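Now for the letters of each chain:
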Amino acid sequence: VINATAFESAEDFAFGTDKGQLYWTKSEQPFNTYFHPVSAMNFIEIDGKRHLAVGYENGLIRIFTPGSEANNPYGDRYFDLSQHSSIISALSTDPESEYLAVGSYDRKVYVWSLSRITDPQYTPVLYDDFKSWVTGLCFFPDGEKLIAGDQEGKLRFISLDTKVYANRICEK
């Protein structure tokens, strides 16, 4: 069963299955990425290179680089992100490829800076006051806001302005 898809062009697309297999046109053949069902995916750019972000039903996000004859024809794992405790339901990047937003059934959204995502000291921005599962994410075309949909059918507009985020935290 195909659980997730990511589309960049007719030459660059991917899909993942309920068996944890990943099919990516940039790799020579399908490969097992992890022993959990794939639940979401999206193409991202880090340091000028294309990667595939894959979310799993156990809350893990795994970042892959395309495979090649020189390294691994199946694709190489670049690194893992593991902030969530439940199914990854949505992955979205802003138009300028500066941020990766990740939504989950744990009722949280993390927003990662793609320029700092590999820094072990970096902590992503957390939005954790959802009342139900986060089911969809999409950035505004200007990259300044994020729309999050939830299981109850509500939309939430999230400002990525750091002053707005700091004021929200201080109000808690």
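As a reminder, the structure under discussion sits directly above these lines.
Below is a summary of the structure that appears in this document.

Scoring rules and cut-offs
- Residues numbered from 1 in each chain as written.
- Predicted model: local features only at pLDDT ≥ 70, side-chain atom pairs only at ≥ 80, totals over all residues.
- Heavy atoms only, no water.
- Core = buried A, V, L, I, M, F, W, Y, C linked by side-chain atoms within 4.5 Å.
- Buried < 20%, exposed > 50% of the residue type's maximum accessible area, 1.4 Å probe, protein only.
- Helix = DSSP H or I, 4+ residues; strand = E, 2+ residues; numbered from the N terminus.
- Pairing = 2+ DSSP bridges.

## Regarding the nonpolar core
Then, in step 1: In terms of nonpolar packing, the biggest core is built from 17 residues, with I63, L100, W112 and I117 touching the most fellow members.
Then, in step 2: Within the residue set of this core, elements represented by two or more residues are β5 (38-46), β7 (61-65), β8 (76-81), β9 (88-93), β10 (99-104) and β11 (109-113).
Then, in step 3: Per element, the largest residue contribution to this core is three residues, and it comes from β5.
Then, in step 4: A101, V109, L160 and Y165 belong to the second largest nonpolar core, which has 14 residues in total.

## So, the pairing of strand β2 (residues 12-17)
Where a strand is regular, its side chains alternate between the two sheet faces.
Then, in step 1: Of the pairings in the sheet, the one linking strand β1 (residues 2-9) to β2 comprises six bridges and is antiparallel in character. Opposite I2, over in β2, you have T17 as the bridge partner.
Then, in step 2: Once β1 ends, the chain turns through two residues before running back antiparallel as β2.
Then, in step 3: Note: β2 against strand β3 (residues 21-24), three bridges, orientation antiparallel. When the sheet's bridge partners are listed, F15 is paired in β3 with Y23.
Then, in step 4: In this structure, the hairpin formed by β2 and β3 is closed by a connection of three residues, where G20 is found at a positive phi of approximately 85 degrees.

## Digging into the pairing of strand β14 (residues 145-150)
Then, in step 1: By the bridge criterion, five bridges tie strand β13 (residues 134-139) to β14 in an arrangement that is antiparallel. By the bridge assignment, G136 is partnered in β14 with G149.
Then, in step 2: Between the antiparallel neighbours β13 and β14 lie five residues, among them G143 with a positive phi of about 75 degrees.
Then, in step 3: Across five bridges, β14 lies against strand β15 (residues 155-159) in antiparallel orientation. The residue bridging I147 from the neighbouring strand is F157, located in β15.
Then, in step 4: What sits between β14 and β15 in their antiparallel hairpin is a turn of four residues, with G153 showing a positive phi close to 85 degrees.

Just distances and angles here, no functional claims.
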